[in-house]
Amino acid sequence: MTYASDQKMHVLDMPARTRRIFSMRDAVLTQWEHEVRAKVRGADALLTPILINTLPAFFDNLAEALTPGYPRDNATSNTNAPAVHGNERARMTSYGPEQVIQEYQIFRDCFADAALDAGVPLRRRDWKVINASIDTGIREAILEFTAMHESFQRRIAAGLSHDMRNPLSVMLNSAQLLQRRAQQFDVPALASKIIEHGKRLDDMIQELLDTLSYHRGQKLPLVLHRFDILPLAQQVADSVNTGHPGKCQVTGASVTGWWCENSLRRALENLVGNALKYGDDGPIKIHINTLRERMILTVHNTGSTIAPEQTERIFEYLRREHQGSAPGWGIGLPFVQNVAESHGGSALVDSAPETGTTFTIDLPIDCRPFVTPDA
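Each chain carries its own residue numbering, running from 1 in the direction its sequence is written. Owing to the predicted nature of the model, reporting of local features is limited to residues with pLDDT of at least 70; listing and counting of side-chain atom pairs is limited to 80 or more, with chain, interface and lining totals taken over all residues. The side-chain quantities take in all heavy atoms of the structure and omit both hydrogens and water.

**Student:** Help me get a handle on the pattern of salt bridges, residues and values and all.
**Tutor:** In a structure, side chains of opposite charge can pair up when their charged atoms sit close to one another. Whenever Lys or Arg places a side-chain nitrogen within 4 Å of a carboxyl oxygen from Asp or Glu, that contact is recorded as a salt bridge. The full count for this structure, using the stated rule, is 11 salt bridges. Note that Lys 39 and Glu 35 form a salt bridge whose closest N and O atoms lie 3.2 Å from each other. Remark: Glu 35 and Lys 39 occur in helix α2 (residues 25-39); sequence separation between them is 4 residues, near one turn of the helix. Put simply, DSSP marks the helices as runs of H or I at least four residues long and the strands as runs of E at least two long, and each gets a number from the N terminus on.

**Student:** Would you mind going over helix α11 (residues 261-278) in detail, with residue names and values included?
**Tutor:** A helix is expected to span 1.5 Å for every residue after the first. Between its terminal C-alpha atoms α11 stretches 26 Å, which fits the 26 Å expected from 18 residues at 1.5 Å a residue. The cut-offs for exposure are 20% and 50% of the maximum accessible area for each residue type, with area from a 1.4 Å probe on protein chains only; residues under the lower value are buried, those over the upper are exposed, and the others partly exposed. Counted residue by residue, α11 has 14 buried out of 18 residues, so it is predominantly covered.

**Student:** Mind laying out the sheet that holds strand β7 (residues 356-364), listing which residues take part and the relevant values?
**Tutor:** A sheet is described by the order of its strands in space; here 5 strands give the open sequence β2-β4-β5-β7-β6, paired in mixed fashion. Each of the sheet's edge strands pairs with one partner strand only, and the pair in question is β2 (248-252) and β6 (346-352). Between one strand and the next, the sheet's axes are offset by a mean angle of 15 degrees, whatever the strand orientation. Packed on one face of the sheet, helix α10 (residues 229-243) meets β2, β4 (284-291) and β5 (294-301) and runs near 165 degrees to β2. Should DSSP find at least two bridges between two strands, the strands are taken to pair. Only the stretch in contact is used when a helix axis is fitted, and all axes are lines through C-alpha atoms; the angle between N-to-C directions ranges over 0 to 180 degrees. Residues are treated as being in contact if the distance between any of their heavy atoms lies within 4.5 Å.

**Student:** Which residues make up the packing of aromatic side chains, and what values go with them?
**Tutor:** Aromatic rings from Phe, Tyr and Trp, with only the six-membered ring used for Trp, were paired whenever their centres fell within 6.5 Å, and each pair was classed as stacked if the ring planes differed by under 30 degrees, edge-to-face if by over 60, and tilted otherwise. Scanning the model with the defined rule gives 5 aromatic pairs in all. Residues Phe 58 and Phe 107 carry aromatic rings whose centres are separated by 5.2 Å and whose planes lie at 80 degrees to one another, so their mutual orientation is edge-to-face. Pair noted here: Phe 58 is in helix α4 (residues 55-65) and Phe 107 is in helix α6 (residues 97-118), with a separation of 49 residues, a long-range link. Accessibility classification places Phe 58 together with Phe 107 in one group, the buried group. Ring centres 5.4 Å apart and planes at 75 degrees place the aromatic pair Phe 227 and Trp 259 in the edge-to-face group. Residue Phe 227 is located in strand β1 (residues 224-228), and its partner Trp 259 is located in strand β3 (residues 256-260); the two are separated by 32 residues in the primary sequence. Phe 227 gets classed as buried once you look at its relative accessible area, which sits at 8%. Here a set of aromatic residues connected by ring pairs shows up, and it is made of Phe 58, Phe 59, Tyr 104, Phe 107 and Phe 111. Charge-over-ring contacts are defined here by two conditions on Lys NZ or Arg CZ: a distance within 6 Å of the ring centre and an angle within 35 degrees of the ring normal. Positioned above the aromatic ring of Trp 258, the side-chain terminus of Arg 368 is 4.0 Å from the ring centre.

By themselves, these observations are geometric and do not establish any function.
Okay, here's the thing in structure tokens:
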């Protein structure tokens, strides 16, 4: 049995020439992997299962297409294998479009070299099939690769636009309080909040502009530096307490680590924002702890809980389980998960009527070894 995407042609049914072509597979894939790692930027860092991807099926499809009378015009006929290759390259690598194209071009050269070594002559009709396979494979892979990156950009842009509401809300609340307290002592503090969150809003707009041209894969671009997470959590809580006095409480340890401060702030604001929307009159509790070189940040609220069948899907993009008047959590939670995973960590949820809802961000205290330089 071959690896072809139709899984139909059996070795006993192959003409002698086709069997000789199939016998070239290991040589072609071995040479291809060696040359791709040497010539294609970013390939050397990939593990073999990720690098090889759908190439075995592509090879076998090509062998079938080179078999007279077999119902496959070229290696891309009747299959979405090239599109799947482009999709995975977008999701799993730091490739740009030129790297995807280069992989297919190298495959053509390796196939020709192996055929020469194996004494398999490639006639004009064969080259027509090979070139059509490579050209169509490139086109279909690039179309899917580009579509995936456009999807990533839309998601990041949507998340940033969504998160701009948080500092804007603080600014508006502070301005409204200023109107009512024009002669009171806390005017400078409220003015400082407006300035601080105005600057944050400007940073988000710049980040949005940056991400519209981001082509490096699904992980978020992170700017890492060393800071204490506890003051950041307190700042987020203070922003909530400006409009809801005493609502948000911060407990736990001071933990200093290497993370992206802006991304973690936005992730925490999303979790606290959801707790405000779906919680009851009880407090929102942010707690910070450490365990075995990991920082554990939790956000807990009581009130509306998440059904067990929904917890597995709660981080899906644009998932909106609540059908009432409250805004859905469809953009914020996928962003929270992306922040955690981009740091080499994870995000999880625990929700039950007896205990309330707790979202957890679990990160290495020093995430530098787990973040690629381009991330």
